[in-house]
Structure formats: structure tokens, C-alpha cells
Amino acid sequence: QTMGARLRHRGPDSDGTWQAPGGILGLAHTRLKVIDLSDGGHQPMVSDDRRFALVFNGEIYNYKALRRDLESKGESFRSDSDTEVLFVLLRREGKKALARLVGMFSFAFWNGESGELLLARDRLGIKPLVYAPLANRQIAFASEIEALRAHPGIDLNIDRQAVSEFLACLYVPQPLCIHKGIRKLPPGHTLTWRAGTTTIEPYWQPAFKGTRQPTLDEAVEEILPLVRQSVIDRLVADVPVGCFLSGGIDSSVIAALMAEESKAQGGPAIKTFTMTFDEATYDERAAAKQVADHIGSDHTELPASSDLASRLNKTLKAFGEPFGNPTSLLIDDLSRKAREHVTVALVGDGGDEVFAGYPRYKGGLWAQKYRHLPGWLRRGVVAPIAGLIPESTEGRHGLRRAREFLTSASLPDANMYAAWVEYF
């Protein structure tokens, strides 16, 4: 109950706890209602014979198709929730069900028949899942580090390796956590616990086996239907859905596809939200408004709070460990303000990683040509002079990127890339 209470900000609509027969397992859940607003999606979800139980965070986008398939095989349902579809699917197929899921999720599924606990995290790790090995080969787990801190018997001493990683990355990469006794389940992995034995293994990883070289037009023709379907999948909700719009490529594409789908379904104009700033360097309202006008969205500009620092402690508490990217304060501010209008918002995160949008990817190609210059010139003359280029305090990245390129481009690729992205 104490652990669950620390997650109420994630699920303010309802909560519940459950203990397995014999007390071998306890589950707590707090719910944010997105699909099936009735009590039919209440969790923990437990079978009538108390042999199976599920707690689930996230959304299964293809749950309707999965439900139709399960009904064709004789299964019946009491609710319209994606939770129940996941529950029935896991009862029938166990770990194999993961291959059929389209969505963002972390869940814990208890099989009382086999005495097996299955923890799983979605393919890219959108939803968090942390765990802690306990004495007597027991295990604790939660959506947030702060919830695990409420559990007795966890080693909360500082992990020095995690501190080192944080200083390099400004976050603590998985599977490490700032505490020695807590670990993060990596994306695309499962954790299975049975009779005191814990097994962690991947169920998915990206494959880089491309053998084709399509033209740009061919690539666009193939990728557009995939992105469109991805957006349509994420519009499945029984609550208002909006979009964060910066005016950049990623969010603009998502907002445009949302608007097209809403119009095709005879729905109202979609709601878009942009955070505005007094500093012109950071303000994106003009580009965002241009996109909003073009797609006909119901657009709202939300000024950034002048007292962002007052939210610092609450934001860090949500992370549960050091996190050094200040944009987290802006996302927190934007999310709280947009929550007054919608319950769910689509965002453009991940586009630069998938489509090589960051300048450093282009820099890697330039570095291959730069290395053709004589070594004495690159390392003995250019690099020392480039190291004198000062840091900009006005958000201008050109000089910094030039300095980083000229001082690191002669290194092997892996070292060069690390030098570009690390902080200390």
C-alpha cells in the first residue's frame, strides 16, 4: 500500500492491491483511465479462481484486433479494456504473447499454476520498470524508483559506476540505477522469477540487416503508410487526445496525420499545444502556428512558467535519481498545462534517432573525409586551436559543434561519437 501510494500521481483515477494465496506475491496498482472508463479495467486484474493476476501500465494499441482473434477461439470478455485483452492473451500464450503486442507497456503477470512471475517492458522502453533483488532470492518491482524506496531490505547506497555514467550522459543508462540495490529492466526484455530464480532475457531487438538501397521517393512511399498507421494506432482512447507541436518536422508530421485522420472520421479539429518563451532563440510559436493554420488544428499557446525552478524537486523525485537534461522541466510544465485540455498527447520524440536527424550523424560522414588531412595538421595545429573556442551562453550551437568536431574527428569512430555526446 505504501509503494502504491507513491505512484498515485501516475494513476489518480483508481487504485487497488491484491495478495496471492499464501502471501507469496503482493501487487499494487494506480490507474489513469484512457481506455474503458468503467471499473471493467480495474487493476490488479485477477481471475475468478485467483490463480492469475496482472498489473499493467501503458496501452495496447492493437487490442481490438487481438480481442477479435481471441473471441474467434472461444474467449469471452466482461469489459472493453485493453487490460483484459492482455490478461486473456497472457493466460493463453504466456511469454509468446509479447510478439503480438503493438503498444507501450510494462506489466507484471502472475501465473499461480506454475508459480511464475513474468515482468516485461515494451520494445523501446517507453514505459519504465525497475526491480530490486531481495534477501532469500525474493524480488521487488515498480514503475518508479521512489516506490521501491518504500520497500524494506533494498540497498540504497550509491552505485559509483552509475555516478560515472551520469556524469558522462547526464542520465543513468539502463540497467544501472543510482542505488546499488535497484536495476532497470532493459527495453525489449523480460524478467522471469520462479522459486527464487530470476532470469532476464531479450524478446526483441532492432535488426540492422538492410540489403536494399531504395531511392528517396521509394523510401517515402514505403515509410508514409507506416507512420500514418502508427499515428492512427495511438489515437485509440476514450479520453481527449492532443498533440505537442513545435513546428519541427517530427511533431508537424504527426499533427498533420492526426488532422487527416480526424477529418476522415468526421471528427472535430485536433488540439495542438506549443510552449512559448520570451527568449526569441528558444521560441517556436511562429513555426508552430504556421503548421497549425495549415492543418486547421485547434491551437493553444502555453507560455513557459517563469518559476520552473520551483518544480525542480518534484521533477527529480519523479525520476528517482539524478537527471541532468533541463528540458525535463519544460516537458513537465507543458504536460501539466496541456492536462487541463486533454488527457493524452502525442509527441515527436525519437524522430532524430530513427532518421539520423542530429548534426552529429552528418559529422560522422565529414570526419571520414577530414581524416585524409595530414595528422600533424589535424592533431598538432587545428585541434589545439579549436579547443580555445568558448561555449555559447545564448543557445547557439554552431561554434560548439565546430570545436567538438575539430578536437575529436581524428579519433576512432566510437571514441569520436562518445566525445560528441558525453559531458564529463
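Cut-offs and rules
Residues numbered from 1 in each chain as written. Predicted model: local features only at pLDDT ≥ 70, side-chain atom pairs only at ≥ 80, totals over all residues. Heavy atoms only, no water. Buried < 20%, exposed > 50% of the residue type's maximum accessible area, 1.4 Å probe, protein only. Helix = DSSP H or I, 4+ residues; strand = E, 2+ residues; numbered from the N terminus. Arc of directions from axis to C-beta. Contact = heavy atoms within 4.5 Å. Pairing = 2+ DSSP bridges. Salt bridge = Lys/Arg side-chain N within 4 Å of Asp/Glu carboxyl O. Phe/Tyr/Trp six-rings, centres within 6.5 Å; stacked < 30°, edge-to-face > 60°. Lys NZ or Arg CZ within 6 Å of the ring centre and 35° of its normal. Core = buried A, V, L, I, M, F, W, Y, C linked by side-chain atoms within 4.5 Å. Axes fitted to C-alpha atoms, helices over the stretch in contact; angles between N-to-C directions. Parallel < 35°, antiparallel > 145°, perpendicular 65-115°, else oblique. Left-handed = near helix turned anticlockwise from the far one by under 90°. Nonpolar A, V, L, I, M, F, W, Y, C, P; charged D, E, K, R; others polar. Patch = residues over 30% accessible without salt bridge, like charges linked within 9 Å, V, L, I, M, F, W, Y side chains within 5 Å. Areas by Shrake-Rupley, 256 points an atom, 1.4 Å probe, with all protein chains shown as cover. pLDDT = per-residue confidence, 0-100.

Visitor: Give a description of helix α2 (residues 63-72) that names residues and reports values.
Guide: Of all the residues in α2, the buried ones are Tyr-63, Leu-66, Arg-67 and Leu-70. Each buried residue of α2 sits inside an arc of 100° when the element is viewed along its axis, so together they form one side. Away from its buried face by more than 90 degrees, α2 exposes Arg-68 and Ser-72. Where the residues of α2 are buried, they touch β4 (52-60) and α3 (82-93). In the stretch just after α2, Gly-74 is the one whose phi turns positive, near 100°.

Visitor: Help me get a handle on the sheet that holds strand β8 (residues 139-142), residues and values and all.
Guide: Taken in spatial order, the three strands line up as β8-β7-β9 in an open sheet, and their pairing is antiparallel. With one partner strand each, in any of the chains shown, β8 and β9 (183-184) form the two edges of the open sheet. For strand β7 (residues 130-133) and β8, the ladder comprises four bridges, and the chain directions are antiparallel. Note on β8: the bridge partner recorded for Val-130 is Ala-142.

Visitor: Any chance you could break down the pattern of salt bridges for me, citing the residues and the numbers?
Guide: Applying the stated criterion across every chain yields a total of 27 salt bridges. Notably, a salt bridge pairs Glu-321 with Lys-184, separated by 2.5 Å at the nearest N-O pair. Placement of Glu-321 in the loop between α9 (312-319) and α10 (327-338) and of Lys-184 in strand β9 is noted, with a sequence separation of 137 residues between them. Note on accessibility: Glu-321 and Lys-184 belong to one class, buried. Between Glu-222 and Arg-212 there is a salt bridge, with the nearest N and O atoms lying 2.7 Å from each other. With Glu-222 in helix α6 (residues 216-233) and Arg-212 in the loop between β11 (197-202) and α6, this residue pair connects regions lying ten residues apart in the sequence. For Glu-222, a relative accessible area of 43% puts it in the partly exposed group. Within this structure, Arg-311, Asp-332, Asp-333, Arg-336 and Lys-337 form a network of salt bridges that share partners.

Visitor: Hey, could you go over the packing of aromatic side chains for me, with residue numbers and the actual values?
Guide: Counted by the stated rule, this structure contains seven aromatic pairs. Taking the centre distance of 6.1 Å and the plane angle of 15° together, the rings of Phe-52 and Phe-109 count as stacked. Placement of the pair is Phe-52 in strand β4 and Phe-109 in strand β5 (residues 103-111), with a sequence separation of 57 residues. Through a chain of ring-to-ring contacts, the aromatic side chains of Phe-52, Phe-87 and Phe-109 assemble into a single cluster. Over the face of the ring belonging to Tyr-358 we find Arg-360, whose NZ or CZ atom lies 4.4 Å from the ring centre.

Visitor: If you had to explain helix α8 (residues 285-295) to someone new, which residues and values would you point to?
Guide: Taken residue by residue, α8 has Ala-288, Val-291, Ala-292 and Ile-295 as its buried positions. Seen from one end, α8 has its buried residues packed into an arc of 100°, which puts them on one side. Those residues of α8 that are exposed and aimed more than 90 degrees away from the buried face are Ala-286, Gln-290, Asp-293 and His-294. On its buried face, α8 sits against α7 (249-264), β13 (271-276) and β14 (298-303).

Visitor: Explain the pairing of β11 to me, using residue names and the numbers behind them.
Guide: As paired strands, strand β10 (residues 189-194) and β11 are joined by six bridges and run antiparallel to one another. Counterpart to Thr-192 in the pairing with β11 is Thr-199.

Visitor: Please provide a residue-by-residue account of the nonpolar core, values included.
Guide: Counting residues in hydrophobic clusters, the biggest one holds 42 residues, and the most contacted among them are Leu-54, Leu-90, Leu-101, Phe-107 and Met-258. Among the elements that line this core, the one with the most residues is α3, at six residues. Excluding residues within four positions of it along the chain, Met-258 makes contact with Val-231, Leu-235, Val-241, Gly-242, Cys-243, Ile-270 and Leu-346. Ranked by size, the runner-up nonpolar core spans 18 residues in total, among them Ala-142, Ala-162, Phe-166 and Leu-170.

Visitor: An account of the sheet that holds strand β6 (residues 116-121) is needed here, citing residue identities and associated values.
Guide: Spatial ordering of the open sheet is given by β3-β4-β5-β6-β10-β11, a layout of six strands whose pairing is antiparallel. Two strands in the sheet have a free side with no partner beyond their single neighbour: β3 (45-46) and β11. The pairing of β4 with β5 spans nine bridges and is antiparallel. Opposite Asn-57, over in β5, you have Ser-106 as the bridge partner. Along the sheet, α3 makes contact with β3, β4, β5 and β6, crossing β4 at roughly 130°.

Visitor: Residues and numbers for the packing of helix α12 (residues 359-370) against helix α14 (residues 398-408), please.
Guide: For the pair α12 and α14, interaxial distance at closest approach is 11 Å and the crossing angle is 40°. Between α12 and α14, the angle is such that the two are oblique. Taken as a pair, α12 and α14 cross one another with a handedness that is right-handed. Within the contact between the two elements, α12 uses Pro-359, Gly-363, Trp-366, Ala-367 and Tyr-370 and α14 uses Arg-401, Phe-405 and Leu-406. A class-by-class count of the residues in the contact of α12 with α14 yields six nonpolar, one polar and one charged.

Visitor: I'd like a description of a nonpolar patch on the surface, backed by residues and values.
Guide: A cluster of nonpolar side chains, contributed by Ile-158, Val-163, Leu-167, Tyr-423 and Phe-424, occupies part of the molecular surface with about 520 Å² of accessible area. Within the fold, Ile-158 resides in the loop between α4 (145-148) and α5 (160-169).

Visitor: Quick rundown of the confidence of the model for the protein chain? Include the residues and the values.
Guide: Per-residue pLDDT for the protein chain has a mean of 92; in total, 100% of the residues score no lower than 70. Taken element by element, the predicted model of the protein chain shows its lowest mean pLDDT in α9 (86) and its highest in β9 (98).

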